[in-house]
Amino acid sequence: MSKPSVAELRPVVHPEGVKDRRSGEHWAGRLYMREISLRWTRHLVNTRITPNQLTYLMVVAGVAAGAVLLVPGIAGALLAALLIQLYLLLDCVDGEVARWRAKTSITGVYLDRVGHYLAEAALLVGFGVRAADVFGVEGGSANWLWAFIGTVAALGAILIKAETDLVDVARARSGLPAVKDEAATPRSSGLALARKAAAALKFHRLVGGVEASLLILAVAVADLIRGDLFFTRLGVAVLAAIAVVQTLLHLVSILASSRLR
């Protein structure tokens, strides 16, 4: 069986609304990864590889990104950034293969969500362990407080996703349809303005996998110049603070909106 062309794939695997989803499509997907993924998908759609197998590979790549942060210096940070890009690529490809074969499934959606939880948590925990200096880069013993702070950041990142996902769970259990984007606007004008300001600043995105991996790489370069782990530890503290604040603000935003009505 011949491979489909990119032109043949595009209308099927990128139907209207996929790249324009307000909360479901990452900016990197819209900017470049969806175009790269099409080139991979065309080689995979006629193979025996299943969409769920691709999702499992996505999870492995994401968790490995956190693990390689134990490698000191630029090497570990660069490997983590590259693995997160692979994770993002596989996150695009699994759904594209499923849509081409018309074999989308609830199991696939579930695995995809679990994969996002695991990958982003692993990256932030790995960042914290890296800051703890378990291999004695600075010549002293490990400071496990930084690993704890990284774990707090990871917990916050998971809770932010869980708060969003639990809206659908609550609505489904109440017999309501899936929430629409317009319901996300808070009923209070003051909260709506605050939400718009937060969305414009986009600081909350720093705890996401792609953004966090780029930040980790940037602070690794800064630490190389400085000769210690100051910027890595500063980065862990900043991400933990953002995760905690965003967890609370996101919860307030959901309760103040029409998403649960």
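This structure is a prediction, so every number in the text was calculated from the model and none was measured.

J.: How would you sum up the layout of surface pockets? Please name residues and give values.
T.: Counted as a void, the second largest pocket has a volume near 230 Å³. Every residue lining the second largest pocket is counted, 17 residues in all, and those nearest its centre are Pro-72, Gly-73, Arg-130, Val-137 and Leu-229. Elements supplying a minimum of two residues to the lining of the second largest pocket: helix 5 (106–132) and helix 8 (209–226). For the lining of the second largest pocket, the element with the most residues is helix 8, which contributes 3 residues. Grouping the amino acids of the lining of the second largest pocket by side-chain chemistry returns 10 nonpolar, 3 polar and 4 charged.

J.: Account for the pattern of salt bridges, with residues named and values stated.
T.: The tally for this structure, following the rule as stated, stands at 6 salt bridges. The partner of Glu-96 in a salt bridge is Arg-34, and the shortest N-O contact between them spans 3.1 Å. Of this pair, Glu-96 sits in helix 4 (residues 73–101) while Arg-34 sits in helix 2 (residues 27–44), and the two are 62 residues apart along the sequence. This pair shows no difference in class: Glu-96 is buried, exactly as Arg-34 is. A salt bridge links Lys-161 to Glu-120; the shortest N-O distance between them is 3.5 Å. With Lys-161 in helix 6 (residues 144–173) and Glu-120 in helix 5, this pair connects stretches of sequence that are 41 residues apart. Pair check on accessibility: Lys-161 and Glu-120 agree, each one buried. Taken together, the salt bridges that share partners define one network made up of Arg-10, Glu-35 and Arg-39.

J.: Could you give an account of the packing of aromatic side chains, with specific residues and numbers?
T.: According to the stated counting rule, one finds 1 aromatic pair in the structure shown. Arranged with centres 5.1 Å apart and planes meeting at 80 degrees, the rings of Phe-230 and Phe-231 form a pair that is edge-to-face. For Phe-231, a relative accessible area of 29% gives the class partly exposed. We note Arg-226 situated over the ring of Phe-230; from NZ or CZ to the ring centre the distance is 4.5 Å.

J.: So what's going on with the packing of helix 5 against helix 8? Which residues, and what values?
T.: Taken N-terminus to C-terminus, the directions of helix 5 and helix 8 make an angle of 20 degrees; their axes are 10 Å apart at the nearest point. By the angle class used here, helix 5 and helix 8 are roughly parallel. The two elements helix 5 and helix 8 cross, and the hand of that crossing is left-handed. Residues Glu-120, Leu-123, Leu-124, Phe-127 and Arg-130 of helix 5 pack against Gly-209, Ala-212, Ser-213, Ile-216, Val-219 and Ala-220 of helix 8.

J.: An account of helix 8 is requested, with residue identities and associated values reported.
T.: Since the α-helix advances by 3.6 residues per turn, residues separated by three or four positions end up pointing in the same direction. If you check helix 8, its first and last C-alpha atoms are 25 Å apart, about what 18 residues at 1.5 Å a residue would give, namely 26 Å. Within the span of helix 8, buried status applies to Gly-209, Val-210, Glu-211, Ala-212, Ser-213, Ile-216, Val-219, Ala-220 and Asp-223. Looking at the buried side of helix 8, the elements it contacts are helix 2, helix 4, helix 5 and helix 9 (230–255). Two residues or fewer past helix 8, Gly-227 is found with a positive phi of approximately 95 degrees.

Cut-off values and rules
Residues numbered from 1 in each chain as written. Predicted model: local features only at pLDDT ≥ 70, side-chain atom pairs only at ≥ 80, totals over all residues. Heavy atoms only, no water. 1 Å grid on protein atoms, 1.4 Å probe; cavity = no way out; pocket = protein on both sides within 12 Å on 5 of 7 lines; lining within 4 Å. Points joined across faces, edges and corners; volume = space filled by probe spheres on them. Helix = DSSP H or I, 4+ residues; strand = E, 2+ residues; numbered from the N terminus. Nonpolar A, V, L, I, M, F, W, Y, C, P; charged D, E, K, R; others polar. Salt bridge = Lys/Arg side-chain N within 4 Å of Asp/Glu carboxyl O. Buried < 20%, exposed > 50% of the residue type's maximum accessible area, 1.4 Å probe, protein only. Phe/Tyr/Trp six-rings, centres within 6.5 Å; stacked < 30°, edge-to-face > 60°. Lys NZ or Arg CZ within 6 Å of the ring centre and 35° of its normal. Axes fitted to C-alpha atoms, helices over the stretch in contact; angles between N-to-C directions. Parallel < 35°, antiparallel > 145°, perpendicular 65-115°, else oblique. Left-handed = near helix turned anticlockwise from the far one by under 90°. Contact = heavy atoms within 4.5 Å. Expected span 1.5 Å × (residues − 1).

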